[in-house]
Structure formats: structure tokens, C-alpha cells
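Listed here are the chains, written in short residue letters.
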Amino acid sequence: MNKITSIEQLEKIQQEKQALWSSGIKLVPVCGVCIGGQKLAQAMRDEVTRQNIADKVQIVETGCQGFCKMGPLVNILPPEGISQWQNGTLYTKVKVEDAAEIISKSVMGPEVIERLLYKNAKTNQRIPVIKDIPFYSKQSKYVLERCGVINPDDITDYIAWGGYQAAHKIIKTMTPETVIGEVTQSGIRGRGGAGFPTGIKWKFCRQSPGPDKFMICNADEGDPGAFMDRAVLEGDPHSVLEGMIIGAYAIGANYGYVYVRAEYPLAVKRVRQAIKQAKEYGLLGNNIFGSDFSFDIGIKMGAGAFVCGEETALISSIEDRRGMPRPRPPFPVAVGLRGKPTCINNVETLANLANIINKGAKWYTGIGTEKNYGTKVFSLAGAVRNVGLVEVPLGATLQELIFDIGGGAEKGRKFKAVQLGGPSGGCLPEKLLDIKIGYDSLIQAGAIMGSGGVIVIDNKSCMVEVARYFTSFCQKESCGKCTPCRIGLMRMKELLERITSGEGQKGDIELLIELANSIKDTSLCGLGQTAPNPVLSTIRQFRHEYEAHIREKECPAHYCKPLVKFMVDTDKCKACGQCIPACPVEAVKGKKGEKVTIDVTLCTKCRSCIEACPFDAIV
Amino acid sequence: MEYKSFISDTIAQLGEEPNKLIPLLQQVQEKYGFIPEETVDIIAQNLNLSANRIYGVMTFYAQFKLKPCGKHLIRVCEGTACHIKGAEGVYESISGKLGIHEGETTADDNFTLERVPCVGCCHSAPIVVVDSDYHGNTSANMAKGILENYK
Ligand SMILES: Cc1cc2nc3c(=O)[nH]c(=O)nc-3n(C[C@H](O)[C@H](O)[C@H](O)COP(=O)(O)O)c2cc1C
Ligand code: FES
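Rules used throughout
Residues numbered from 1 in each chain as written. Chains lettered and ligands numbered in written order. Predicted model: local features only at pLDDT ≥ 70, side-chain atom pairs only at ≥ 80, totals over all residues. Heavy atoms only, no water. Helix = DSSP H or I, 4+ residues; strand = E, 2+ residues; numbered from the N terminus. Rg over C-alpha atoms; globule rule 2.2 N^0.38 Å. Buried < 20%, exposed > 50% of the residue type's maximum accessible area, 1.4 Å probe, protein only. Contact = heavy atoms within 4.5 Å. Areas by Shrake-Rupley, 256 points an atom, 1.4 Å probe, with all protein chains shown as cover. Near = heavy atom within 4 Å. Polar contact = N/O pair within 3.5 Å; in protein donor to acceptor, adjacent residues only side chain to side chain. Nonpolar A, V, L, I, M, F, W, Y, C, P; charged D, E, K, R; others polar. Domains from an automatic or database assignment. Expected span 1.5 Å × (residues − 1). Arc of directions from axis to C-beta. Pairing = 2+ DSSP bridges. Axes fitted to C-alpha atoms, helices over the stretch in contact; angles between N-to-C directions.

Visitor: So what exactly am I meant to see when it comes to the overall build of chain A here?
Guide: Each helix and strand in chain A was counted, giving 23 helices and 19 strands. A globule of 619 residues ought to have a C-alpha radius of gyration of about 25 Å, and chain A, at 26 Å, matches this closely. Along the longest, intermediate and shortest principal axes, the C-alpha atoms of chain A span 75 × 65 × 40 Å. Considering chain A as a whole, with its 619 residues, one finds that 61% of them fall into the buried category. Once local pairs closer than 6 in sequence are excluded, the contacts in chain A between residues at least 24 apart make up 69%. Taken as a whole, chain A presents about 23300 Å² of accessible surface, with 52% of it coming from carbon and sulfur.

Visitor: I would appreciate a short explanation of the site of ligand 1 in the present structure.
Guide: Residues and elements named next belong to chain A. With respect to spatial proximity, 18 residues lie near ligand 1, and among them Gly192, Lys201, Asn218, Asn346 and Thr349 are the closest. Within the side chain of Asn346, an N or O atom sits 2.8 Å from an oxygen atom of ligand 1. In the complex, the protein chains occlude 88% of the 610 Å² of accessible area that ligand 1 would expose alone. With three residues, strand S10 (residues 342-346) is the single largest residue contributor to the shell around ligand 1. Class assignment for the residues of the shell around ligand 1 results in three nonpolar, nine polar and six charged.

Visitor: Explanation requested: the domain arrangement of chain B in the structure shown.
Guide: By a widespread convention, an interface's size corresponds to the accessible area lost as its parts come together. Looking at chain B, the domain boundaries give domain 1 (2-60) and domain 2 (72-148). Computed from C-alpha atoms alone, the centre-to-centre distance between domain 1 of chain B and domain 2 of chain B is 30 Å.

Visitor: Which parts of the structure should I look at to understand helix H1 (residues 2-13) of chain B?
Guide: The α-helix winds at 3.6 residues per turn, so residues separated by three or four positions along the chain end up facing the same way. All names here are of chain B. Between the first and last C-alpha of H1 there are 17 Å, a value that for 12 residues agrees with the 16 Å anticipated at 1.5 Å per step. When we look at burial in H1, the residues that qualify are Phe6, Ile7, Thr10 and Ile11. All buried residues of H1 lie within an arc of 130 degrees about the axis, which places them on one face of the element. Among the exposed residues of H1, those pointing more than 90 degrees away from its buried face are Ala12 and Gln13. Those residues of H1 hidden inside the fold are in contact with helix H2 (21-32) and helix H3 (37-47). Residue Gly15 follows H1 closely and has a positive phi angle near 60 degrees.

Visitor: Hey, could you run me through the pairing of strand S7 (residues 214-219) of chain A in this one?
Guide: All names here are of chain A. Of all six residues in S7, six are buried, a share of seventy percent or more. Alternating residues of S7 divide into Phe214, Ile216 and Asn218 and Met215, Cys217 and Ala219, and every residue in both groups is buried. Note: S7 against strand S8 (residues 255-260), six bridges, orientation parallel. Within the sheet, the bridge partner assigned to Asn218 lies in S8 and is Tyr259.

Visitor: Sorry if this is basic, but what is going on with the sheet that holds strand S9 (residues 296-301) of chain A here?
Guide: Strand pairing in a sheet takes place through backbone hydrogen bonds and is either antiparallel or parallel in direction. All names here are of chain A. A sheet is described by the order of its strands in space; here four strands give the open sequence S9-S8-S7-S10, paired in parallel fashion. Two strands in the sheet have a free side with no partner beyond their single neighbour: S9 and S10. Strand after strand, the sheet turns through a mean of 20 degrees between neighbouring axes, direction not considered. As defined by bridge partners, S7 adjoins S10 across five bridges and the pair is classed as parallel. Along S10, the bridge assignment pairs Ile216 with Ile344.

Visitor: I tried to follow the domain arrangement of chain A on my own but got confused; where do I start?
Guide: Taken domain by domain, chain A comprises domain 1 (7-137), domain 2 (155-365), domain 3 (376-458), domain 4 (463-552) and domain 5 (565-619). Here the C-alpha centroids of domain 2 of chain A and domain 5 of chain A sit 51 Å apart.

Visitor: Is there a simple way to think about the sheet that holds strand S14 (residues 388-393) of chain A in this case?
Guide: Residue and element names in this part refer to chain A. Overall, mixed pairing links the five strands, which are arranged S14-S13-S17-S15-S16 in an open sheet. The open sheet is flanked by S14 and strand S16 (426-429), the only strands paired with a single partner. Looking at each pair of strands side by side, their axes are set apart by 30 degrees on average, direction ignored. Taken together, the six bridges between strand S13 (residues 375-382) and S14 define a ladder with antiparallel strand orientation. Note that in S14 the partner of Leu380 across the bridge is Gly388. Together, strand S15 (415-420), S16 and strand S17 (453-458) form the strand contacts of helix H17 (residues 463-477), whose direction differs from that of S15 by roughly 20 degrees.

Following this line, the structure appears as C-alpha cells:
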């Protein structure tokens, strides 16, 4: 492969690929990261071989397309081509057995397979066009535009979408200062949680003296329940690399790392492949585009420590030390990796940059609301109907995110709260759902934007238990360096355990608040400083649940094991029998067609029957 | 002898990267399933670090194992999404069925049980990962059935 040195060469690859796409070869994107997706993609490929149509049909194994609840997904592209995929058709919950039919009828022929179309739960109508599906119609996909339709393992797919043209533009026509100026004007704020303006961070790093600087992509994504960064790395890795090139040029770095969690093996593989290809094309390495700018990227795998998402701990970890944070200042932009100025940006922040450079800061500030420009990717999970990956403009409301796109609580249960920002974040109740999503508005409400994990909690979950869960998570993940975090969180966890087991005492809530505030004020790093947030926010919004546990020794949500006995509400039980096989200890007695009972002497309160019951009949 | 050559080959592969310890430990673990005690001294000599410093790193990160695992590694996700969807019950049923707790290995060396925070498949919670197979939408009862496939 000849190294690319000019825009003409880049455009030539783009045109060749587009010509191939419009020459009649049919691309069929299949989500290969859903559970079962890889098997399906293989079955589709086998079918293509069997029908001997490899010259006409190409199965593209893609990254996550977002609608995970309905996966595995197959896209039938519209005649306008791949860039207009939202005008195409989506097949949902596709099975290996459907592969042959899809290829014969919908790929080689014009037929639509009715049963595989998404069915609107409210109207019971099947929806043939992707953009009419409520889950998609309310989204604005910029970061995720290509995710789930292109082949992430092929750099020419990315180039065909105009990839690496932003890198070319800055290296060939802009000074680092003008790049920083443009990014500052776009107003983009870091998507990793803290929301620090990216342009300003770059400016500080550029101004730090010294010839050696580093550009690091933070792909540690430690917030449990969040999978945005994973999806971007697996679905469109070159967009992150291009963002790193832009950042490196702006700050003056010649080397960078992607620090990615070891729990994401596929993401590691995809990034490795992307780096290799970018090097072959001369887009990484020495003298990029024939200029005197050189930049190369290595991969570092995390080793299972949440705190390593914190930037100084991340640096320690790359330096082969225990991943313990250190006090800031000095900030990494001044003294970072191996003592050199270092800029650390989140995956999603980086994936926004090519768009900002190509389309301009003005375009970017046209999306979103004041001081909160652009879009944000969220992963919707927990007790929500449409679990998946969504991208909305900042300024959209939580209501739109959770109900219009997410479809609200699943199984006809009642929405109780939404947890934003993971272990550093907070819970918001229904009455606050009109809030416009933004960095400052969410803090005001008692939550944070965080990295984008959105966990929906329904009336079957106990808020004290949720607080105990997060506290226990942070306590386990505390690196142990500072006392408030190491010991304070332990004490807080014990208090919460006492309350959830019905042993809570008068004054426990006040004690929790006092402890929480001192941990917040005195911890060394962001982990300890934010770990009490879930406790404080649940006390603020759901204090009555704490009080019920302490005073009445009752768990209002019927969750906390020592305080509940499982029973069947015979008015609600429809004798469907679904709970019977769900029980691992045969405590559900009865058979299909009869109302069931629960043998409390056998019941281990594992909640399997509650999860299995579609009628909310087990209390 | 085998350890020695594996370690020096791996170091050579890591090329010019100045910080080789964690990547090296990761490859040792990948190859042997855990970090055998003998390798620590070899690594110490090769990288010119004290064994003490290497143990410090190994014990900090959850990924590194100082003991061998069973033939199959079961990881039950205890991330937030999985927790909300009943991961606790799934864990308890597997733990009860195998008669072991988190971090332990069955007497026949067939299974090691672990709990992990989020594997990024939250959309199909609760998740159980056995070796490299991801099982989604599991339940307490189903979890026991999954194990039947790994003998
Ligand atoms: C305990 C802790 C964990 C963090 N985990 C992550 C993470 O997983 N991913 C991430 O991008 N940022 C994480 N951060 C934030 C980073 O320290 C840093 O602010 C961010 O990577 C900067 O990138 P941005 O400006 O592009 O957002 C974490 C911070 C703390 C305190
Ligand atoms: S919370 Fe279990 S996979 Fe994310």
C-alpha cells in the first residue's frame, strides 16, 4: 500500500469505494456484537456461498447499531445506498433460520418479510422504514452515524464516508492554534464525565513547555452499566483514531495511547486492527500526509481497576505502577505520563472531533443548547423497555430519552427513578424528568451527566438497596490510598447494610449524611469525592424508603430479603405458568392453568419468579 | 526454562515500549492462566525491577491471578444493569449448585467462579460469561442449565 500524501489520494479511495457500493453489489449490515449476532452473520455468509452470489451480495459484520433490545439486527439498505441507511428496513430478532429467506426475498428480491419488522408496542403496527421507528426517529446520530452500518475492520469504509479528511485539513491547512481555536469555539465539553472544555484543555497542554507530549484516549469505561465507548470502539474505531490525530497535532504530541479495559476484548482487537491499517495507509507514523508531523499510537490494556479511569491513576497504570491517583495540581496537561505534558480525552469526545473540523464550530453550536452544544450518547439499561445505545442533542429532556426513545419501564411496571452517572452520579425521580439534559442542569437537580450510563429503575427495586449497591462498588474499587475513601466508604456500606437488613437505628440517616459529606470533602480523587452521591441523592429523593426500613422494618419495594416474604397476588395471577420453570428451587407450586403458590420454606428469594412474571403478580 | 524463553520472547516483542511490566504480566497470564510464582523472579531480572514491586502491581489489579483457575472460568456480572435485573439470584444459584463462592474453584478443578463489574453487554442483562461465551438474559434457574454444557 502506498502511503497517502494528498487529498486526491484520499478522495480516490473514497470514490472507488463508493463506486463499488453503487455498482450493484448489495451490502447487508448485520450487527455482529449482539449476543447471537456473530452466528447470524456467519449463517448469512454461508447462505451467500451456498447460493453462489458472492459477486452480488456482501455481508458486513458491523458494530452495535443501538437497538440492542431487538437484536440480532439485519439492515436492508435502501436503493439510495448505505449513507441513507435510515431510509432502509430493519429486521429485528433475526434467527439463524431466517438467513436464507432474508437473502432470497429481501436482498435478491424486493420483498419485505413482515414478521421480522419491528412492531410498535402501542399500535401493534409493523414499521418498514427505520427512521419511522420511534427509537430512531427521536435520535440525532452524529457520533454514531456510521456505527452499525460500516465494516469497522476496513479502513476504506471509513474513508468512503469522508474519513481522515479532517486530519488532512488540519495538517495541511491549519496551524495547531487555529485547530485549538476552532475546537474551543465549538464549545465541546469532555464526554468522560467532568465536562471540561476540550479546547481549553488542549490550549493548556500546548502551552506546557517541552518537546515530548502525549495524547491519551481514555477507553476505560468503568461505569458499570455503560457501554457507549465500547460501541464506538467496536463500531467505528477510526473515528477515535482520527480524533486522536487532531488532538495530537493541536497539542504537539508525537505519541499516544489508547487505554482500553481488558473486559472489552473485541474493542481491543478492533482498535489494534484500525491502528495497523492506519499505519499502512500512512495516516499514523512518520510524516503523516507527507508533512513534518509524526504521530503514532500504542494500545494499553487495563487490568481490572475502576479507579484507573481517573486520569492520574490511568497514567500510573500505563507507567506499570499500582493505579493510584495523585493529588492535582499539577494537572496531567503540565506533568503527565513519564513527567511529560499529557492530554487525556474520552473516546466519545474524540469521536466528535472530525465532524467539528469538517463542518465547523458554527455547525456544532447549532446542535444542543447554550453552553451544552452537540449530542451525547447514552446507554439505556436496567428496567427500560428499549435497552440500547442512543444519541440525542443536549437539551433533550429525560422524558424524551427514557419514554419516547426508551419506551418507559418494561413489563408494564411503573417507572420509579433514573440513575445517571453511575457510581459517581445520582438518582432522579419521575417529577424531575422534564429536566433538559445538560452538564449544569443535571448537577442542579442532584445528578450528573457522567459518561452516559442511564439505568432505569422501576417500582420493583429498593432505593436504599441501590445506594448500598453503589457504595459497595466504590468501596471495593477504592485504591486505599486516602483514609476517607478507604475507611469512610466501608463504614457507610455497613450502615446501609444495617438498614437494608432491618437493623437500622434512629439517627442512621443523619449519620449517613454526615459521613457522606466528610468523605466528599476530604477524599483525594474523584472516586471518593463522588462516591457518596448515590447515597445523598437517594436520601434527598426517597427518604421515605429509608425511614420505612428503619422505623417500620419494611421494604416498600419488597426487595430487601430479610424484610420480605414472597407471595402471589391471586387477583393479578393469570395462571400463565411462566414462573414455575423460572424457580431454581421448585418453590413455586402449581401448574400452568392454575394460580400458583409459593412455598416459603423452600424459597430463597432469588427474585427469578418476579422477573419471569409478566403480570406483576408476585409481591 | 520454558518460562524463561517465553518471557524474553515477549519482552522482545514489546519492542521499544518503555513500560513493559503490565503488558508482560498480561501475556504470562494469557498463556498460563495465572502468574506462576517462578515467573516473578524471571520477570524481575529481565526488567530490572524488584520482585516486591511486581507483587505490588499484581495484587493491585483484579485481573491478575496468583493461583491457577479451574478448567472453565465462570464470570457473573454484577454491574448495575445486571444487578437491577436480578444478577444476585443468578450468582447465588450458581454458587449454590457448585458449592463454591466468589474466587473459589471446585474440588474437581472444573469451574472457577468470579464476579465482575460490567462486561459491556448490559442490554442483555443479567450476563454470565463462561470462558469466552456470553450468555445473556439469564435467570437463576437457567444459569444452572448453562453449566451442563461445560464438563
Ligand atoms: C473514579 C473515576 C473514574 C473515571 N473513569 C473514567 C472512564 O472510565 N472513562 C473516561 O473517559 N473518563 C473517566 N473519568 C474521568 C477522567 O478522569 C477524565 O476526566 C476524562 O477522561 C477526561 O476526558 P474528557 O475531557 O474528554 O472527558 C473518571 C474519573 C474518576 C474520578
Ligand atoms: S452491567 Fe452487566 S454487562 Fe453491564
